[in-house]
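A look at the structure
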Amino acid sequence: MALSWRSWLANEGNKHLFLLFWLCLNAWLFWKTFLLYYQGLQYYYLHQMLGLGLCVSRASASVLNLNCCLVLLPMCRVLLAFLRGSQKVASRKTRRLLDKSKTFHVTCGVTICIFSVVHVAAHLVNALNFSENYNEEFLAINAANYRGEDPRKLLFATVPGLTGVIMVLVLFLMCTASTYAIRVSNYDIFWYTHNLFFVFYMLLMLHVSGGVLKYQTNLDEHPPGCFNPNKTLRQNMTLPKGLGEPFPGFTPEPFPEDLPVPEPFVQNNLVRICSEEPKFQSHFPETWFWISGPLCLYCVERLYRYIRSNKPVTITSVISHPSDVLEVRMMKDDFKARPGQYVILHCPRVSALESHPFTLTMCPTDTKATFGVHLKVVGDWTERFRDLLLLHSNQDTEILPIFQQRRYPK
């Protein structure tokens, strides 16, 4: 029992410890952002208008920013292969953790889907509240043009709303096409829909540039819920309807109706007096800071892989093994590899964009430059690749002879 526990801890301990750290980071980021919009004085009037929908939408957006940043890193295969083969990563546990990068990519993707549903639901509530709680006192923070405006206009007639709807559709296509049944039956659908991530990120950058949610900038001159003498006297000492509910953590005392506005009230801080009207400003988009680095890193790696793939590869032999297993032996100039590493095969005649990683089963040596892979024919890509390499793929033979050498551009 002790041996099995130690074996599990050695093999899976680091992975679960990393997932625990990732979960704690998501929970901390969600709760921190929720409290900021729930208790922050700069969001007092916006919170009065939108309620908890504001807090949930912004908290889920923070989690989405984090996972949209992390989901690209496991797909930087060249970087991960370099780190795994580098002498700086000498620990077996660390290398084993890097081998779980695909699992972490899937985990981040599922998290993005879940919190996207939460984010969309919260913004639907916000659109309804913008319409129903339209406040003529604070026109700057109203996304609606008038009270009772159709909330669908906020969803389809504004940049944040329209880009959000398109992103939901793109994410739905990516998620449904990522299921096991579709990947096995038709990998092309999975691959081409998954490459819509570039469209998703472009829309995400446009989505956060709308500036719908605003914060108050002059808290010193206009404390939230403060008393405005001139304005209150004009309104017969009645406060605006939007200020009736106290803000969490901040309870201003009402001004006595039977007294004028004397200076001692201001000095003794019994009542906070406004010196000007509130001013609001849109947030600078924070999503750029989250996704610009990983997105640029991934694009640079894709460019590097494209340039490196232009060097020709000579296929020296193709051997068919039982159970639909194909062995491909190749040669490439200045190619070095170690046992256990993988290569990414890309054949334009099979698919213009699709490529697949395969573990090397034969590595080049000082005396022999040939390297090879074994691949299982299980999908449409491998079937077309086999039919392209084997002239008589329908022959039921265990081992075929070496074929004539062919040169493929990539």
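Residues numbered from 1 in each chain as written. Predicted model: local features only at pLDDT ≥ 70, side-chain atom pairs only at ≥ 80, totals over all residues. Heavy atoms only, no water.

Further remarks concern the pairing of strand 3 (residues 313–321). Burial within strand 3 is extensive, with eight of its nine residues counted as buried. Counting the residues that bridge the hairpin from strand 3 to strand 4 (residues 325–331) gives three residues, and of these S323 lies at a positive phi of roughly 65 degrees. (Buried < 20%, exposed > 50% of the residue type's maximum accessible area, 1.4 Å probe, protein only. Helix = DSSP H or I, 4+ residues; strand = E, 2+ residues; numbered from the N terminus. Pairing = 2+ DSSP bridges.)

Another point: the nonpolar core. Of all hydrophobic cores here, the largest spans 25 residues; its most connected members are C68, F197, F200 and Y201. Counting residues per element, this core draws most heavily on helix 11 (residues 197–207), at six residues. Dropping the residues within four chain positions of it, Y201 is found in contact with C68, V71, L72, I291 and L295. (Core = buried A, V, L, I, M, F, W, Y, C linked by side-chain atoms within 4.5 Å. Contact = heavy atoms within 4.5 Å.)

Going through the model one piece at a time under the given rule, you end up with five salt bridges. We note a salt bridge from R152 to D150, for which the minimum N-O separation is 3.0 Å. A salt bridge links R384 to D188; its shortest N-O distance comes to 3.0 Å. With R384 in helix 15 (residues 380–389) and D188 in helix 10 (residues 187–194), the pair connects residues that are 196 residues apart, well separated along the chain. (Salt bridge = Lys/Arg side-chain N within 4 Å of Asp/Glu carboxyl O.)

Take the packing of aromatic side chains next. Inspection of the entire model under this criterion finds 14 aromatic pairs. With a centroid separation of 6.1 Å and 55 degrees between ring planes, the pair formed by F30 and F115 is classed as tilted. Of this pair, F30 sits in helix 1 (residues 2–39) while F115 sits in helix 6 (residues 101–132); the two residues are 85 residues apart in sequence, bridging distant segments of the chain. In this structure F115 comes out as partly exposed when scored by relative accessible area, which is 21%. Taken together, the ring pairs in this structure connect F197, F200, Y201 and Y298 into an aromatic cluster. (Phe/Tyr/Trp six-rings, centres within 6.5 Å; stacked < 30°, edge-to-face > 60°.)

Here the second largest pocket defines a volume of roughly 1300 Å³. If you go around the second largest pocket, you meet 50 residues; those closest to its centre are R58, H119, H123, H207 and L213. Elements with a minimum of two residues in the lining of the second largest pocket: helix 1, helix 3 (52–70), helix 6, helix 7 (151–156), helix 8 (159–177), helix 11 and helix 14 (287–309). For the lining of the second largest pocket, the leading source of residues is helix 6, giving nine residues. (1 Å grid on protein atoms, 1.4 Å probe; cavity = no way out; pocket = protein on both sides within 12 Å on 5 of 7 lines; lining within 4 Å. Points joined across faces, edges and corners; volume = space filled by probe spheres on them.)

Per the UniProt annotation, the sites labelled "transmembrane region" (unreviewed entry) are residues 20–39, 59–83, 104–125, 154–177 and 189–208. Along residues 59–83 the backbone is 76% helical and 0% strand, and the end-to-end C-alpha distance reaches 33 Å. Counted over residues 189–208, helix gives 85% and strand 0%. Its end C-alpha atoms are 29 Å apart. (UniProt positions renumbered as here; feature names shortened; annotations may be inferred.)

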